[in-house]
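# Tertiary structure, described
Take a look at the letters that make up each chain.
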Amino acid sequence: MRKKRLGVIGVGSAGILALTHFCTWLGNDWDIVSIHNPDKPILGIGESTNGGFVGLLEKGTHFALGHKEDLKELDATLKFGSRFKNWREQTWLNPLLDGNTAIHFNSFNFKDFAYKRLHKHWPQKFKVIEGDVKSLDNYPHKVVVDVDGTKEEFDWVIDCMGYPKDLSSYVQSNCTPVNRCIIHNVKDYDLEYETDHIATPHGWMFGVPLISRKTYGYLFNDNYTTVEEATENMKEILGVDEVDGKEYLFRCYYTPKMIEGRICKCGNKALFFEPLVANSIFLYILGVRMFFDHIMENVPAAELNARYVQAIQEMEDVISYYYQGGSIYESKFWDYATKMTRERLQERMHF
């Protein structure tokens with residue numbers, strides 16, 4: 001009897017989470033195939049998570065928070081919430097979106113950690129194909145993936161190939177007033193078990209503590225703040241003479257059709273939002289759970305797509321809600337941010 005095949009394209013965080021979920025919940029009558037180009041770099045930074053991330057790793061890779069070696073392999077530290085500073089007069093610890101314990105991890109380490117564990121615990125179904133995906137053809141009863149000229153057939157495919165080249169079929173989100181981020185890493189720091197969310201005159205700055213370093217990201221809007229102004233403020237806050245200087249200009253978007261035919265979009269192929277309260281990984285896991293329900297329980301794609309869009313829109317409103325209350329700073333950015341997000345939320349019927 002032919003084994004059914006599910007292909008997962010890409011080995012960023014979303015791809016690894018999808019592989020882990022389906023290796024855990026599908027039987028040995030399936031092959032779960034990871035397809036990736038080893039020459040293509042991932043967007044490797046320190047990442048913050050929520051409780052569902054840890055729960056999935058525990059089931060799929062036998063990861064354990066109590067095992068120091070597991071944390072060391074992921075360059076990971078514990079996380080008990082997000083600490084908001086300078087958003088109000090008082091600092092507060094925001095609880096996780098789900099669960100009560102999560103981790104910060106190094107996404108550069110994630111693939112090797114997961115591959116080793118998935119090969120060990122699911123040898124009858126976990127498979128790997130290396131190569132560059134040239135095309136995806138979505139048919140009524142199969143998906144054909146061209147990997148460097150070789151046609152591979154799958155029953156279902158999860159597309160985690162990163163940012164879409166064309167956003168014309170996506171919804172452009174206006175949930176956030178920031179659009180740019182500067183990254184800096186610090187090796188010598190005092191470990192605290194929270195993700196920093198520090199308001200600044202020009203936006204806010206996250207801090208993700210790893211064993212090896214702490215990654216900071218200064219988010220701002222380049223219509224109100226120059227890169228030079230943001231860089232100077234970041235150096236002042238961190239007490240450093242220079243910053244690494246890696247920059248990201250971004251737009252927030254999401255797909256209204258997570259599932260189309262036999263293909264499910266996940267990761268940055270499905271959505272991108274700014275990293276407030278580690279919202280993206282929460283939505284990645286939700287998406288693969290829904291795709292499982294489609295495959296195994298025949299839940300209609302239209303119903304799941306509608307539920308996924310609803311979850312995304314709720315997350316949009318959560319992001320806007322943080323900004324509409326302002327911060328301790330009076331500045332051009334915060335005048336814009338509070339006005340824009342308040343007006344936006346007033347138009348959101350469900351909110």
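For the structure itself, consult the block above.
A brief report on the enclosed structure follows. Note that the structure is a prediction, hence the values are computed from the model and not measured.

## A closer look at the pattern of salt bridges
All chains considered together, the criterion is met by 26 salt bridges. The salt bridge involving Arg-180 is made with Asp-222; its shortest N-O contact spans 2.8 Å. Placement of the pair is Arg-180 in strand S14 (residues 180–186) and Asp-222 in the loop between strand S17 (214–220) and helix H5 (227–238), with a sequence separation of 42 residues. What makes Asp-222 partly exposed here is its relative accessible area of 28%. Glu-247 serves as the salt-bridge partner of Arg-180, at 2.9 Å between the closest nitrogen and oxygen. You can see Arg-180 sitting in strand S14 and its partner Glu-247 sitting in strand S18 (residues 246–249), a full 67 residues away along the chain. Among the charged side chains, a network of salt bridges with common partners joins Asp-70, Glu-73, Lys-116 and Arg-117.

## Remarks on the nonpolar core
Formed by 83 residues in total, the largest nonpolar core has its most connected members in Leu-6, Phe-22, Phe-53 and Ile-158. In this structure, Met-205, Ala-230, Leu-238 and Val-243 belong to the second largest nonpolar core, which totals 12 residues.

## Notes on helix H6 (residues 279–297)
Taking 1.5 Å per residue as the helical rise, H6 with its 19 residues ought to reach 27 Å, and the 27 Å between its terminal C-alpha atoms agrees with that figure. Directly beyond the C-terminal end of H6, a positive phi value near 60 degrees is found at Asn-298.

About the criteria used
Residues numbered from 1 in each chain as written. Predicted model: local features only at pLDDT ≥ 70, side-chain atom pairs only at ≥ 80, totals over all residues. Heavy atoms only, no water. Salt bridge = Lys/Arg side-chain N within 4 Å of Asp/Glu carboxyl O. Helix = DSSP H or I, 4+ residues; strand = E, 2+ residues; numbered from the N terminus. Buried < 20%, exposed > 50% of the residue type's maximum accessible area, 1.4 Å probe, protein only. Core = buried A, V, L, I, M, F, W, Y, C linked by side-chain atoms within 4.5 Å. Expected span 1.5 Å × (residues − 1).

What is shown is where atoms sit, not what they do.
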